[in-house]
Amino acid sequence: MSEQQRPQAETDAPVFSPRKNGQAQSVSDELAGWMSTGWADTEMRDLEPIEQAEHTARRRETLGAAFPGDRLVIPSGQLLTRSNDTEYPFRAATNYAYLTGDTTDGNCLVLTPKAGGGHEVTLYLKPRSNRDNGEFWLGGYGELWTGRRNSLEEAAVLLGVATADVRTLPAALRADDAVTTRIVRGHDTELDTVVDELRADTDEESRAKSVKLDEDLGVALADHRLVKDEWEVAQLQLAVDATTRGFGDVAKALPQAKDTSERYVEGTFFLRARVEGNDVGYGTIAASGANATTLHWTRNDGPVREGDLLLLDAGVETTTLYTADVTRTMPVSGTFTDLQRKVYDLVYAAQEAGIAAVAPGKPFTAFHEASQRVLAEGLVEWGLLEGPVERVLELGLQRRYTLHGTGHMLGLDVHDCAVSRQETHLYGDLKAGMVLTVEPGLYFQPDDLTVPEELRGIGVRIEDDVLVTEEGRTVMSAGLPRSSADVEAWLAERLPR
Ligand code: GLY
Ligand code: MN
Ligand code: MN
């Protein structure tokens, strides 16, 4: 459903718009009548709640308790039209998926405050396409065009929550303009507008207050998502394991990549994600040779050459929308040159130091500082930076070659919980249940005259996904090799002889 095609409040109104320039310009009464009959009852009446339902119930409870007396509106997002009846791929809004377990478009979760305290939870959904008004076969988003949606009754059982027709939502929101309403903004322009109308802000001060109402909701949700529950950790492990298989496929496909381009690497990884029913959590970075010095190289149109390093940064996203984020830098030939190994081993040492600094109670910044110190020491030792190391670190001079932070939270979003409060995230301490990446890198740009010529064009990043545990940490992506020797051994097992 595109933005323009949101159905009206009357639930019996047709939900379709006729196809433009379709060859069949009209529908005879006989055909319309015939199409509306003769269909079996396919309602599913023996469904069980999804495994996630008990977790989403608890998450909604926690969220509601943080905003007593307020109405909370969390949209899934709308399809975005690319042209005519073609849409961009849809991916449900993270907070909506977190609170519902649903990943479909055009819907909205609403927590309405109850008189005696607590919230009433209603999930407003697009119902199954109507058989009476022709939508199911004439509408571009009808069942015979894009597939069956669950009925409201089915969805209620599956998701463990009361459901209602989304076409009634704007009116339901407007019916009570006295309650303070907060919305996760930016996913549904119509609902954003409805909430704006409810507030009817007339002056600068109340407009600023409005912005804060919504921002606070987004910040609270990001805060709540920082520590993963058991179910989320299991989903992330599924994503990481699928990613590990994708990296294995790429290793085996390096000969074909050499005959083609970085695209072959991207496509090989994507094929693994798709055949297992998944997707990717971000644009795959398949960067060979000097392209590895571009941090987010997603053009993937360069050659893969025998003597190059290939930097592959890729992550499978599960059907439940949890993503891995893993990087390996591998010699295309199967063996590092001495110089490539020297750079790789320094990044590896930095990653070891970073991983060792991940533990509950440690500051979130500790693993970054530990990795950066190792890199700075190495760069000083190599004569690329003038010591002492303390001065380099204080001035951040190593960043000319390290460029990015050493890691980030991981979860439903690849850069997860980015808007959470600084005191709970950036300047907070790690807690058991947090999942983060540790991903130091060194990047010597091909045109950087401050480094010896032989280093120019070398880029190395090693990225793993790490779960903070009560005891310390677990490297979730330990199924992939990390040291240079282990990478070579892993490649030797996979590259055709
Ligand atoms: N794949 C993006 C990152 O590593 O942060
Ligand atoms: Mn990352
Ligand atoms: Mn990455």
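About the cut-offs
- Residues numbered from 1 in each chain as written.
- Chains lettered and ligands numbered in written order.
- Predicted model: local features only at pLDDT ≥ 70, side-chain atom pairs only at ≥ 80, totals over all residues.
- Heavy atoms only, no water.
- Helix = DSSP H or I, 4+ residues; strand = E, 2+ residues; numbered from the N terminus.
- Buried < 20%, exposed > 50% of the residue type's maximum accessible area, 1.4 Å probe, protein only.
- Contact = heavy atoms within 4.5 Å.
- Areas by Shrake-Rupley, 256 points an atom, 1.4 Å probe, with all protein chains shown as cover.
- Lys, Arg positive; Asp, Glu negative; His and termini not counted.
- Charge placed at Lys NZ, Arg CZ, Asp CG, Glu CD.
- Near = heavy atom within 4 Å.
- Polar contact = N/O pair within 3.5 Å; in protein donor to acceptor, adjacent residues only side chain to side chain.
- Nonpolar A, V, L, I, M, F, W, Y, C, P; charged D, E, K, R; others polar.
- Donors = N, O, S within 2.8 Å, 3.2 Å for Na, K, Ca; no water.
- Tetrahedral: all angles 85-135°; square planar, octahedral: opposite > 155°, others 65-115°.
- Axes fitted to C-alpha atoms, helices over the stretch in contact; angles between N-to-C directions.
- Parallel < 35°, antiparallel > 145°, perpendicular 65-115°, else oblique.
- Left-handed = near helix turned anticlockwise from the far one by under 90°.
- Salt bridge = Lys/Arg side-chain N within 4 Å of Asp/Glu carboxyl O.
- Phe/Tyr/Trp six-rings, centres within 6.5 Å; stacked < 30°, edge-to-face > 60°.
- Lys NZ or Arg CZ within 6 Å of the ring centre and 35° of its normal.
- Pairing = 2+ DSSP bridges.
- pLDDT = per-residue confidence, 0-100.

## As for the overall build of the protein chain
Regarding its fold elements, the protein chain presents 17 helices and 17 strands. Taken along the three principal axes of its C-alpha coordinates, the protein chain extends 80 × 55 × 45 Å. Taking all 497 residues of the protein chain together, 51% fall into the buried category. Contacts in the protein chain between residues at least 24 apart in sequence constitute 70% of all its contacts with a sequence separation of at least 6. As displayed, the protein chain has an accessible area near 23000 Å², and 51% of this comes from carbon and sulfur atoms. The distance from the centre of the 50 positive side-chain charges to the centre of the 81 negative ones in the protein chain is 2 Å.

## Quick word on the site of ligand 1
Every residue lining ligand 1 is accounted for by Tyr282, His296, Asp313, Asp325, His408, His415, Glu439 and Glu463. Contact distances for ligand 1 include 3.2 Å between an oxygen atom and a side-chain N or O atom of Asp325. A distance of 3.2 Å separates an oxygen atom of ligand 1 from a polar side-chain atom of Glu463. Considering ligand 1 on its own, with 200 Å² of exposed area, one finds that the protein chains cover 92% of that surface. Taken together, the residues of the shell around ligand 1 break down into 1 nonpolar, 3 polar and 4 charged.

## A look at the coordination of the manganese ion (ligand 3)
Looking at the metal site, the manganese ion (ligand 3) is ligated by Asp313 (OD), Asp313 (OD), Asp325 (OD) and Glu463 (OE), spaced 2.0 to 2.3 Å from it. One can describe the donor arrangement at the manganese ion (ligand 3) as irregular, given that its 6 donor atoms subtend angles of 58 to 170° at the metal. Of note, the donors binding the manganese ion (ligand 3) are all from one chain and are spaced D-x11-D-x137-E. The metal-metal distance between the manganese ion (ligand 3) and the manganese ion (ligand 2) is 3.3 Å, with Asp325 serving as a donor to both. Here the residue Asp313 occupies a position in strand 10 (residues 309-314), and Asp325 occupies one in the loop between strand 11 (316-317) and strand 12 (326-331), the gap between them amounting to 12 residues. Each member of the pair, Asp313 as well as Asp325, is classed as buried.

## Quick word on the packing of helix 2 (residues 53-66) against helix 9 (residues 204-225)
Look at helix 2 against helix 9: their axes get within 11 Å of each other, and the N-to-C directions meet at 135°. What the angle tells us is that helix 2 and helix 9 run oblique. The handedness of the crossing between helix 2 and helix 9 comes out as right-handed. Taken together, the residues of helix 9 that come into contact with helix 2 (itself represented by Thr62, Leu63 and Ala66) are Leu217, Leu221 and His224. Each residue belonging to the contact of helix 2 with helix 9 can be placed in one class, and the counts come to 4 nonpolar, 2 polar and no charged.

## Points about the pattern of salt bridges
When their charged atoms lie close together, side chains carrying opposite charge are able to pair. With the rule as written, the count across this model stands at 36 salt bridges. What you see here is one network of salt bridges that share partners, running through Arg185, Asp196, Arg199 and Asp214.

## Describing the coordination of the manganese ion (ligand 2)
Under ideal tetrahedral coordination, the four donors around a metal are separated by 109.5 degrees; under ideal octahedral coordination, the six donors are separated by 90 or 180 degrees. Ligation of the manganese ion (ligand 2) by protein atoms is provided by Asp325 (OD), His408 (NE2), Glu439 (OE) and Glu463 (OE), these donors lying 2.0 to 2.1 Å from the ion. Its 6 donor atoms give the manganese ion (ligand 2) angles of 52 to 157° at the centre, a pattern that matches the irregular case.

## Side note on the side chain of Gln235
Turning to its location among the elements, Gln235 is positioned in helix 10 (residues 230-252). In this structure Gln235 touches Thr318, Thr320 and Tyr322, once residues within four positions along its chain are discounted.

## Quick notes on the environment of Asp448
Checked against the element boundaries, Asp448 lands in the loop between strand 14 (441-443) and strand 15 (459-461). Under the relative-accessibility criterion, Asp448 is labelled buried at 5%. Note: C-alpha distance between Asp448 and Tyr401 (47 residues apart in sequence) is 9.7 Å.

## Notes on the packing of aromatic side chains
Describing an aromatic ring pair means giving the distance of the ring centres and the angle of the ring planes. Enumeration over the complete set of coordinates arrives at 6 aromatic pairs. Geometrically, the ring pair formed by Phe247 and Phe269 is edge-to-face, given 5.8 Å between the ring centres and 85° between the ring planes. Of the two residues, Phe247 is situated in helix 10 and Phe269 in helix 12 (residues 262-275); the sequence distance between them amounts to 22 residues. When sorted by exposure, Phe247 lands in the same class as Phe269, which is buried. Seen from the ring of Trp39, Arg131 lies directly overhead, with NZ or CZ sitting 4.9 Å from the centre. Above the face of the Trp382 ring, Lys342 is positioned so that its terminal group lies 4.6 Å from the ring centre.

## Some remarks on the pairing of strand 4 (residues 108-113)
Side-chain direction in a regular strand flips from residue to residue, so the side chains alternate between the two faces of the sheet. Pairing analysis gives 4 bridges linking strand 1 (residues 71-75) to strand 4, with the strands arranged antiparallel. The residue bridging Val73 from the neighbouring strand is Val110, located in strand 4. Bridge count between strand 4 and strand 5 (residues 119-125): 6 bridges; the pairing is antiparallel. Each residue of the ladder has a partner; that of Leu109, found in strand 5, is Leu123. Counting the residues between successive antiparallel strands, the hairpin from strand 4 to strand 5 contains 5 residues, one of them, Gly117, with a positive phi of roughly 105°.

## Thoughts on the packing of helix 10 against helix 17 (residues 484-494)
For the pair helix 10 and helix 17, the least separation of the axes is 8 Å and the interaxial angle reads 65°. What the angle tells us is that helix 10 and helix 17 run roughly perpendicular. Crossing of helix 10 against helix 17: the hand is right-handed. Residues Phe247, Gly248, Ala251 and Lys252 of helix 10 form the contact with helix 17, whose participating residues are Trp490, Leu491 and Arg494. Per-class residue counts for the contact of helix 10 with helix 17 are 4 nonpolar, 1 polar and 2 charged.

## So, the confidence of the model for the protein chain
On average, residues of the protein chain carry a pLDDT of 94, and 96% of them reach 70 or more. Segment residues 1-10: pLDDT under 50, and 29 contacts once partners within four positions in sequence are set aside and those in other chains are kept.

## So, the environment of Arg399
Along the chain, the position of Arg399 falls in helix 16 (residues 399-402). Overall, the relative accessible area of 53% leaves Arg399 in the exposed class. Separated by 44 residues in sequence, Arg399 and Tyr443 have C-alpha atoms that sit 9.6 Å apart.

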